[in-house]
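A structural walkthrough
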Amino acid sequence: MRSKKIRFTLLGLTLLSSLCLSFSSMHAENEQPQRSTVLEKTETGFKPIRPKTPDRQIVTCVYDGEELHLSFVLQEGNATLSLTDDSLVTVTYEIDTRPLDISVSVGSLYGPTSIEVSTEKGNSYTGTIE
């Protein structure tokens with residue numbers, strides 16, 4: 001019984017170390033480390049009287065130095081992507097969320113940049129890339 005526990009512990013540590021090594025080598029290969037965030041859904045309208053079920057939509061955002069990669073769990077149709085830098089300059093892009101993984105060429109982003117995605121279903125997601 002004890003030997004099985006030790007084997008599973010060693011197996012878990014081996015898997016964890018291999019994941020850490022692959023993650024560190026990914027950052028070592030790129031000149032610029034990727035910056036990522038999960039966009040949060042913003043509340044609109046009146047607050048409900050009873051609790052709502054958890055949202056199934058998760059929007060992740062990764063910036064690789066040239067492109068912003070957005071990933072949706074569920075399709076939300078056409079959307080507007082707005083990027084606002086720390087000097088309050090806003091750039092807007094029209095995107096389609098039907099392919100769940102989207103890449104938008106945004107060029108270089110300096111400093112913290114606010115991201116807002118407003119979809120045609122009326123949902124709005126916000127986040128910040130540091």
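These numbers were taken from a predicted model, which means no experiment stands behind them.

Overview of the pattern of salt bridges
Evaluated as defined, the whole model comprises two salt bridges. Of the charged contacts in the structure, one is a salt bridge between R98 and E120, with a shortest N-O distance of 3.6 Å. Of this pair, R98 sits in the loop between β5 (90-96) and β6 (101-105) while E120 sits in the loop between β7 (113-119) and β8 (124-129); the two residues are 22 residues apart in sequence, bridging distant segments of the chain. Its relative accessible area of 52% is what places E120 among the exposed residues. Put simply, D96, R98 and E120 are held in one network by salt bridges that share partners.

A look at the side chain of S82
Position of S82 among the secondary structure elements: in strand β4 (residues 78-84). Not counting residues up to four positions away in its chain, the partners in contact with S82 are T90, V91, T92, S114, I115 and E116.

Concerning the pairing of β8
Looking at chain direction, strand β1 (residues 35-41) and β8 are connected through two bridges and run antiparallel. Across the sheet, residue E40 finds its bridge partner in β8, namely T126. Pairing of β7 with β8 involves six bridges; the strand directions are antiparallel. Looking across to β8, one finds that S118 is bridged to S124. Between β7 and β8, which pair antiparallel in sequence order, lie four residues; one of them, G122, sits at a positive phi of approximately 90°.

The rules behind the values
- Residues numbered from 1 in each chain as written.
- Predicted model: local features only at pLDDT ≥ 70, side-chain atom pairs only at ≥ 80, totals over all residues.
- Heavy atoms only, no water.
- Salt bridge = Lys/Arg side-chain N within 4 Å of Asp/Glu carboxyl O.
- Helix = DSSP H or I, 4+ residues; strand = E, 2+ residues; numbered from the N terminus.
- Buried < 20%, exposed > 50% of the residue type's maximum accessible area, 1.4 Å probe, protein only.
- Contact = heavy atoms within 4.5 Å.
- Pairing = 2+ DSSP bridges.

Without other data, these values stay purely geometric and don't point to any function.
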